[in-house]
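Chain residues, written in single-letter form:
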Amino acid sequence: MTDPNSPVPVDAMLDRMVRRLDRTLGLVLAALMFAMMLLTFVDVVGRQLFNAPVLGGNELTRIAMGLLVYIGLPLVCLRREHITIGLLSGLIRGRMLRVQHVILNLLFAGVTFIWARQVWIQGEAVERSNSVLMFLQVSTAPYIYVMSVLTFGAAFIYLILAWCYLQGATPKSGEEAG
């Protein structure tokens, strides 16, 4: 006999995936955030006290900010921590709620795959034009490709979530009908 309060196997799998992603992308995200904070501090102190800002500091911040958003994307998707609007949440319950989550995650996966592909195409265009950062003289294309790969990862996560809901995963707090 099984305990009705024990987690569904797919819920446990999702928890393990979140922990693994936190230990990888989460740590990279934290390190990047700390580096941005340190860069901003050094830049402001250099600018105010020595009239010598960090050369390329603005470019580094822009690249880091873009990476910050895209590195966080798979984490937000897997944790299911999006901003949501529950207009119909009180009307949908039980099995229909699971069906709704399967359909929505498949839709999100499709849209995110299109988004990732468009980012990849943008990376190709930037690479063809040999676009480089003004001060650092570094090509921006590799960063755009990394952003695209992270977006593809988020789309894949949506597919995993749709499968998990098909297997009986429990909606996370805030997703279930109120």
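Scroll up for the structure.
Since the structure is predicted, the reported quantities are computational estimates derived from the model, not experimental observations. Per chain, the residues get numbers from 1 upward, laid out in the order the sequence is written. Reporting in this predicted model follows two pLDDT cut-offs: at least 70 for local features of residues, and 80 or more for side-chain atom pairs to be given and counted; totals over whole chains, interfaces and linings ignore these cut-offs and use all residues. In computing side-chain values, all of the structure's heavy atoms are included and hydrogens and water are not.

### Examining the side chain of Thr-151
Part 1 of the reasoning: Secondary structure elements follow DSSP: runs of H or I no shorter than four residues count as helices, runs of E no shorter than two count as strands, and numbering proceeds from the N terminus. Looking at the secondary structure, you find Thr-151 in helix H4 (residues 141-166).
Part 2 of the reasoning: Filtering out sequence-adjacent residues up to four positions away, Thr-151 remains in contact with Tyr-70, Leu-73, Thr-112, Trp-115 and Ala-116. What makes two residues a contact is simply this: any of their non-hydrogen atoms within 4.5 Å.

### A few points about helix H2 (residues 57-79)
Part 1 of the reasoning: To estimate how far a helix should reach, multiply one less than its number of residues by 1.5 Å. Taking 1.5 Å as the rise per residue, H2 with 23 residues should run 33 Å; its terminal C-alpha atoms sit 32 Å apart, in good agreement.
Part 2 of the reasoning: A maximum bend of about 30° is found in H2 at Leu-73, where proline Pro-74 lies one to four positions downstream.
Part 3 of the reasoning: Positive backbone phi, at 55°, marks Arg-80, one or two positions downstream of H2. At every residue, the bend is computed as the angle between two fitted axes, covering the seven residues ending there and the seven beginning there respectively.

### A word on the environment of Pro-142
Part 1 of the reasoning: Position of Pro-142 among the secondary structure elements: in helix H4.
Part 2 of the reasoning: For Pro-142, a relative accessible area of 44% corresponds to the partly exposed category. The buried label goes to any residue with under 20% of its type's maximum accessible area, the exposed label to any with over 50%, and the partly exposed label to all in between, with areas taken from a 1.4 Å probe on protein chains only.

### Some points on a positive patch on the surface
Part 1 of the reasoning: Two joining distances apply to patches: 9 Å for like charges and 5 Å for nonpolar side chains (Val, Leu, Ile, Met, Phe, Trp, Tyr), and every residue must have over 30% relative accessible area and no salt bridge. Using a 1.4 Å probe, accessible areas were evaluated by the Shrake-Rupley method; residue-level cover was limited to the displayed protein chains. Salt bridge, as used here: a side-chain nitrogen of Lys or Arg that lies within 4 Å of a carboxyl oxygen of Asp or Glu. Lys and Arg are tallied as positive, Asp and Glu as negative. Neither His nor the chain termini are counted. Taken as the charge centre is NZ of Lys, CZ of Arg, CG of Asp or CD of Glu, depending on the residue. Together, Arg-16, Arg-19, Arg-20 and Arg-23 line one region of the surface with positive charge.
Part 2 of the reasoning: For Arg-16, a relative accessible area of 37% puts it in the partly exposed group.

### Side note on the pattern of salt bridges
Part 1 of the reasoning: This model, assessed by the stated rule, comprises three salt bridges.
Part 2 of the reasoning: The salt bridge partner of Arg-47 is Asp-43, with a shortest N-O separation of 2.9 Å. In this pair, Arg-47 and Asp-43 both sit in helix H1 (residues 9-50), four residues apart, roughly one turn of the helix.
Part 3 of the reasoning: A relative accessible area of 14% means that Asp-43 is categorised as buried.
Part 4 of the reasoning: Among the ionic pairs, Glu-81 bridges to Arg-79, the shortest N-O distance being 3.6 Å.
Part 5 of the reasoning: In this structure Glu-81 comes out as partly exposed when scored by relative accessible area, which is 43%.
Part 6 of the reasoning: Counted as one network, the salt bridges with shared partners bring together Asp-22, Arg-79 and Glu-81.

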